[in-house]
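Summary of the model geometry
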Amino acid sequence: QLARIQTDSVVRMLRDLYPDLHFEIAVAMSTTGDKILDTALSKIGEKSLFTKELENALERNEVDLVVHSLKDLPTSLPPGFTIGAVCRRENPLDAVVFHPKNCGKTLSLLPEKSVIGTSSLRRAAQLKKKFPQLEFRDIRGNLNTRLKKLDEKEDFSAIILAAAGLKRMGWENRIGQLLGPEDCLYAVGQGALAVEVRAKDQEILTMVSALHDADTVLCCIAERAFMKRLEGGCSVPVAVNTLLKDGQLYLTGAVYSLDGSDSLKETMQTSVNYPHQNEDGPNDDVQHVGITAKNVPAQAQEAAENLGIELANLLLSKGAKHILSVARQLNDAR
């Protein structure tokens, strides 16, 4: 349902921009990540869990564009594909949804040994350290399924979900607590929608590029570059927080051990205040961590990508590789 709502919202924006074109939502398909529900996401070991089947349809020209949650897209896309649009970001924070009996509480007010559901190693690692009195357990399924499991059983006192998904589903009233950066840094790309297209399809690429939100593009390029340099994914706890203010892009990035006891966190900034120049010629389709954004200044995109790489290098110089490789091994052994 959420995937459909997200696709509908993108198609609505395109119809407003191009009233003469006919858009058809042709395919509703489930992906590997949707089908394997008895295994933690971090254990399936497939890089493009929620995207592979959709990319196959794109490759076969069955569809012309695919709408994803940006956080589901790997930092390296298969050859021949690109992210042609990154739409304006919804609130990227994580949210706590409480069991009806805990309505009005916050995580710190829950009884000791209360069980919190999350399918994310990143969320669990940060919250275990912050709330050591609570227990964290895997919960899988789409948003509807997870909320049903929460409400109809007594297994969980609360579950952690992305605020953006809840808002898009019209369930904002279920958010009992928003987790700010001091509690929980968010996932790379969280809250942003991406439109994936064939990289060589200039007509479609030009069409969808009108949906790019420049600020979101720069924040997400920095986040994805950070993740890519760390070789992170959903099998290790990597988290970020970005802020773009007065032409300065601030990126906070962190890595965690599975239990959150070991962590590294740093913040860096760079100027992305560059004018837009007409960059015709061979460079007009340069990808930055899978994103093609011709209408965002190229120098600003480069600065954002370099910021992500430099921040990752700083964490690597302080021992991030060790923390992540131990986390990966422990996760594989679980």
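None of these values were measured; they are calculated from a predicted model.

With that settled, the discussion passes to the overall build of the protein. When you go through the protein residue by residue, the secondary structure sums to eleven helices and eleven strands. Buried positions account for 51% of the 334 residues belonging to the protein. Here the contacts in the protein between residues at least 6 apart in sequence split such that 71% fall between residues at least 24 apart. Approximately 15600 Å² of the protein is accessible, and the part contributed by carbon and sulfur atoms is 48%.

The next subject is the sheet that holds strand β9 (residues 238–245). Across the sheet, three strands lie side by side as β9-β10-β11; this open sheet has antiparallel pairing. The strands lining the two open edges of the sheet, one partner per strand, are β9 and β11 (263–271). The sheet shows a mean angle of 15° between the axes of neighbouring strands, direction not considered. Pairing geometry for β9 and strand β10 (residues 248–256), over eight bridges, is antiparallel. Each bridged residue has a counterpart across the sheet, and for Leu243 the counterpart in β10 is Tyr250. Helix α5 (residues 121–130) rests against β9, β10 and β11 of the sheet, and its axis sits at about 90° to β9.

Moving on: helix α10 (residues 298–317). Taking 1.5 Å per residue, 20 residues should reach 28 Å; α10 reaches 28 Å between its end C-alpha atoms and fits that length. Gly319, located one to two residues past α10, shows a positive phi value of around 110°.

This part is about the environment of Leu17. Of note, Leu17 is situated in helix α1 (residues 2–17). The exposure class of Leu17 is partly exposed, given its relative accessible area of 43%. Placed 190 residues apart in sequence, Leu17 and Met207 show a C-alpha to C-alpha distance of 9.0 Å. Residues in contact with Leu17, not counting those within four places in the same chain, are Ala210 and Leu211.

Within α5, seven of the ten residues are buried, which leaves the element mostly enclosed by the surrounding structure. Among the residues of α5, Leu121, Arg122, Arg123, Ala124, Ala125, Gln126 and Leu127 are the ones counted as buried. For α5, the capping residue at the N-terminal end is Ser120, with a side-chain oxygen 3.2 Å from the backbone nitrogen of Arg122.

The subject of this paragraph is the pattern of salt bridges. Per the stated rule, a full pass over the model turns up 14 salt bridges. Arg60 is the salt-bridge partner of Glu62, the closest N and O atoms lying 2.6 Å from each other. Assessed through its relative accessible area of 45%, Glu62 is described here as partly exposed. As a salt-bridge pair, Glu266 and Lys318 come within 2.7 Å of each other at their nearest N and O atoms. Of this pair, Glu266 sits in strand β11 while Lys318 sits in the loop between α10 and α11 (320–333); the two residues are 52 residues apart in sequence, bridging distant segments of the chain.

With that settled, the discussion passes to the nonpolar core. Core analysis: the largest hydrophobic core is formed by 45 residues, its most contacted members being Leu70, Ile83, Phe226, Leu230, Val238 and Val255. Those residues in contact with Val238, other than ones at most four positions away along the chain, are Arg122, Phe226, Met227, Leu230, Gly232, Ala254, Val255 and Leu324. Residues Val67, Ala85, Cys87 and Val197 belong to the second largest nonpolar core, which totals 15 residues.

Criteria and thresholds
- Residues numbered from 1 in each chain as written.
- Predicted model: local features only at pLDDT ≥ 70, side-chain atom pairs only at ≥ 80, totals over all residues.
- Heavy atoms only, no water.
- Helix = DSSP H or I, 4+ residues; strand = E, 2+ residues; numbered from the N terminus.
- Buried < 20%, exposed > 50% of the residue type's maximum accessible area, 1.4 Å probe, protein only.
- Contact = heavy atoms within 4.5 Å.
- Areas by Shrake-Rupley, 256 points an atom, 1.4 Å probe, with all protein chains shown as cover.
- Pairing = 2+ DSSP bridges.
- Axes fitted to C-alpha atoms, helices over the stretch in contact; angles between N-to-C directions.
- Expected span 1.5 Å × (residues − 1).
- Polar contact = N/O pair within 3.5 Å; in protein donor to acceptor, adjacent residues only side chain to side chain.
- Salt bridge = Lys/Arg side-chain N within 4 Å of Asp/Glu carboxyl O.
- Core = buried A, V, L, I, M, F, W, Y, C linked by side-chain atoms within 4.5 Å.

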